[in-house]
Amino acid sequence: MSAAQHRHFALGSVPLQCGRRIDDAHIGYVQIGELNRDRTNLVLIPTSYGARPLDLAWLAGPVLDPSRWCIVIAGMFGNGDSTSPSHGQMGLAEQGWLVQHRDNVAAQRRFLAECFGVETLPLIFGWSMGAQQAYQWGVDHPDQVQRLCCVCGTSRTSPHNRLFCLSLRQALTADASWTGSGFDGVPEQGLRTYALIYASWAASQPFFKTLEQPVEEHVEQQWLPNYRRHDPRDLIAMLDTWLAHDVASDGDLAATLAGIQARTAVVACNRDLYFTVDDMAADAAAIPGAQFHVIDSLLGHRAGNPHSSPAEQQHLRRIVDQLLDS
């Protein structure tokens, strides 16, 4: 695998759909592989919830060939690497701030044009909230996206998925350190509750039967550290983006998805509790010519980000290679 180069790109002033403006915005990104002379080999990977660009660098090699593709992993606003509430440049919904995926896509489009001179993308690959951004790209800029691979993520946040996000938000804001607009300390109890909720949804029910340790220890060791590294305000900001996600903006979703021109692969996991097979199949059916795939995996939602599981990696690689060679 080519060495991952982590950098930041300054965007300057960025207006948001909510009416606020980030005065000094930046995008954190990782580049793996080199841009070709014609600038036709750049693959964009938007980040998922809680991920920073380096967290997804493992995709170079197992899923995408860095000798063929210039792989750019771009952090969404709120993830702690790109502009986020923890940087002091953004507030939360309580102060009227809300980043929507349309804001992330607009910023990524500027970034790719100004930093790489690229306007047309051969592929956008996204998992979870990254898939949400991929759908938004396909809707907002249909003539600039040749292929989409949307893995374990839907084009609109479902009512049941909203309950999950709201439970996480409530876990954090119910902590004694919540002031109504931020935190005056580390929300230790809130983060523990948050991690328990998140882990219970992210893997399948059968997965937890395979553990040799109590589930409480598993969450404490494997999940809680991942969220402790984030400022809790950033966790809330990303949740609010997830809650607001709807490529049709409350309009006719099927008609909106019908406008996507990209060759599209929609990839579900049969045990994903967030983004169900039925919901993802409906997205695929509405996109002209879309191919629908289902991964059989105990990993549940995490089957779309199988950094330590070769079987799921190989399944994703076959799908991506088929899509890129089409």
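Look a little higher up for the structure.
Residues numbered from 1 in each chain as written. Predicted model: local features only at pLDDT ≥ 70, side-chain atom pairs only at ≥ 80, totals over all residues. Heavy atoms only, no water.

**A few points about the overall build of the chain**
Within the chain one finds eleven helices and eight strands. Relative to its length of 326 residues, the chain is compact, with a C-alpha radius of gyration of 19 Å against a globular reference of 20 Å. Once the C-alpha set of the chain is aligned to its principal axes, its extents read approximately 55 × 50 × 45 Å. Here the chain, with 326 residues, has 56% of them falling under the buried criterion. Once local pairs closer than 6 in sequence are excluded, the contacts in the chain between residues at least 24 apart make up 76%. Total accessible area on the chain is roughly 13000 Å²; 47% of this is exposed by carbon and sulfur atoms. Distance between charge centres in the chain, computed from 24 positive and 34 negative side chains, equals 4 Å. (Helix = DSSP H or I, 4+ residues; strand = E, 2+ residues; numbered from the N terminus. Rg over C-alpha atoms; globule rule 2.2 N^0.38 Å. Buried < 20%, exposed > 50% of the residue type's maximum accessible area, 1.4 Å probe, protein only. Contact = heavy atoms within 4.5 Å. Areas by Shrake-Rupley, 256 points an atom, 1.4 Å probe, with all protein chains shown as cover. Lys, Arg positive; Asp, Glu negative; His and termini not counted. Charge placed at Lys NZ, Arg CZ, Asp CG, Glu CD.)

**Things to note about the environment of leucine 44**
Inspection of the secondary structure assignment puts leucine 44 in strand S3 (residues 42–46). When the C-alpha positions of leucine 44 and alanine 74 are compared, they lie 7.3 Å apart, and in sequence the two are 30 residues distant. Sequence-distant contacts of leucine 44, that is, excluding residues within four places in its chain, are made with Val72, Ala74, Gln108, Leu112, Leu121, Leu123, Ile124, Phe125 and Trp137.

**A few points about the side chain of threonine 83**
Locating threonine 83 in the fold gives a position in the loop between strand S4 (70–74) and helix H1 (101–116). At a separation of 2.8 Å, a polar atom in the side chain of threonine 83 contacts the main-chain amide nitrogen of histidine 26. (Polar contact = N/O pair within 3.5 Å; in protein donor to acceptor, adjacent residues only side chain to side chain.)

**Thoughts on the pattern of salt bridges**
One pass over the full model with this rule turns up 13 salt bridges. Where aspartate 246 meets arginine 156, a salt bridge forms, and the shortest distance between an N and an O atom there is 3.0 Å. Residue aspartate 246 is located in the loop between helix H8 (232–244) and helix H9 (253–257), and its partner arginine 156 is located in the loop between strand S6 (147–151) and helix H3 (159–173); the two are separated by 90 residues in the primary sequence. Arginine 317 is paired through a salt bridge with aspartate 321; the nearest N and O atoms lie 3.1 Å apart. Residue arginine 317 and its partner aspartate 321 are both found in helix H11 (residues 310–325); the two are separated by four residues, about one turn of the helix. Under the relative-accessibility criterion, aspartate 321 is labelled partly exposed at 27%. Overlapping salt bridges, with partners in common, bring together Glu188, Arg192, Glu220 and Arg228 in one network. (Salt bridge = Lys/Arg side-chain N within 4 Å of Asp/Glu carboxyl O.)

**Brief notes about unusual backbone geometry**
Note: most residues except glycine have negative phi, and most peptide bonds are trans. Of note, the phi angle at serine 128 is positive, near 60 degrees, even though the residue is not glycine. Tracing the sequence through the fold places serine 128 in the loop between strand S5 (123–127) and helix H2 (129–140). The residue aspartate 250 is not glycine, and still its phi comes out positive at about 70 degrees. The exposure class of aspartate 250 is exposed, given its relative accessible area of 74%.

**Notes on the sheet that holds S5**
With respect to topology, eight strands assemble into an open sheet ordered S1-S2-S4-S3-S5-S6-S7-S8, the strand pairing being mixed. The sheet is open, and its two edges are formed by strand S1 (5–15) and strand S8 (291–295), each paired on a single side. Adjacent strand axes in the sheet meet at a mean angle of 20 degrees, parallel and antiparallel pairs treated alike. Of the strand pairs in this sheet, S5 and S6 are connected by four bridges, and their pairing is parallel. In the strand pairing of S6, isoleucine 124 is matched with leucine 148. The sheet contacts of H1 involve S1, strand S2 (21–32), S3 and S4, and relative to S1 the element is tilted by about 115 degrees. Its contacts with the sheet place helix H10 (residues 277–286) against S6, strand S7 (263–269) and S8, and it is angled at close to 175 degrees to S7. (Pairing = 2+ DSSP bridges. Axes fitted to C-alpha atoms, helices over the stretch in contact; angles between N-to-C directions.)

**Overview of the pairing of S4**
Counting buried positions along S4 gives five out of five residues, so the element sits mostly inside the fold. Covered by surrounding structure in S4 are Cys70, Val72 and Ala74 together with Ile71 and Ile73, the residues of both alternating faces. As paired elements, S2 and S4 share four bridges and run antiparallel to each other. Within S4, the position partnered with isoleucine 32 by the bridge is isoleucine 71.

**A short note on the packing of H3 against helix H4 (residues 188–202)**
Axis separation between H3 and H4 bottoms out at 7 Å; the angle between their running directions is 160 degrees. Considering the angle they form, H3 stands roughly antiparallel to H4. Every residue of H4 that contacts H3 at His160, Phe164, Ser167, Leu168, Ala171 and Leu172 is listed here: Gly190, Leu191, Thr193, Tyr194, Ile197, Tyr198 and Trp201. Among the residues forming the contact of H3 with H4, the class breakdown is nine nonpolar, four polar and no charged. (Parallel < 35°, antiparallel > 145°, perpendicular 65-115°, else oblique. Nonpolar A, V, L, I, M, F, W, Y, C, P; charged D, E, K, R; others polar.)

**Side note on the layout of surface pockets**
Empty space within the largest pocket amounts to approximately 660 Å³. If you go around the largest pocket, you meet 26 residues; those closest to its centre are Trp223, Asn226, Arg302, Asn305 and His307. Contributions of two or more residues to the lining of the largest pocket are made by H4, helix H6 (215–222) and helix H7 (224–228). Looking at side-chain class alone, the lining of the largest pocket contains twelve nonpolar, eleven polar and three charged residues. (1 Å grid on protein atoms, 1.4 Å probe; cavity = no way out; pocket = protein on both sides within 12 Å on 5 of 7 lines; lining within 4 Å. Points joined across faces, edges and corners; volume = space filled by probe spheres on them.)

**What to know about the pairing of S3**
Of all five residues making up S3, five are buried, and the element is well covered by its neighbours. Taken together, the five bridges between S3 and S4 define a ladder with parallel strand orientation. By the bridge assignment, leucine 42 is partnered in S4 with cysteine 70.

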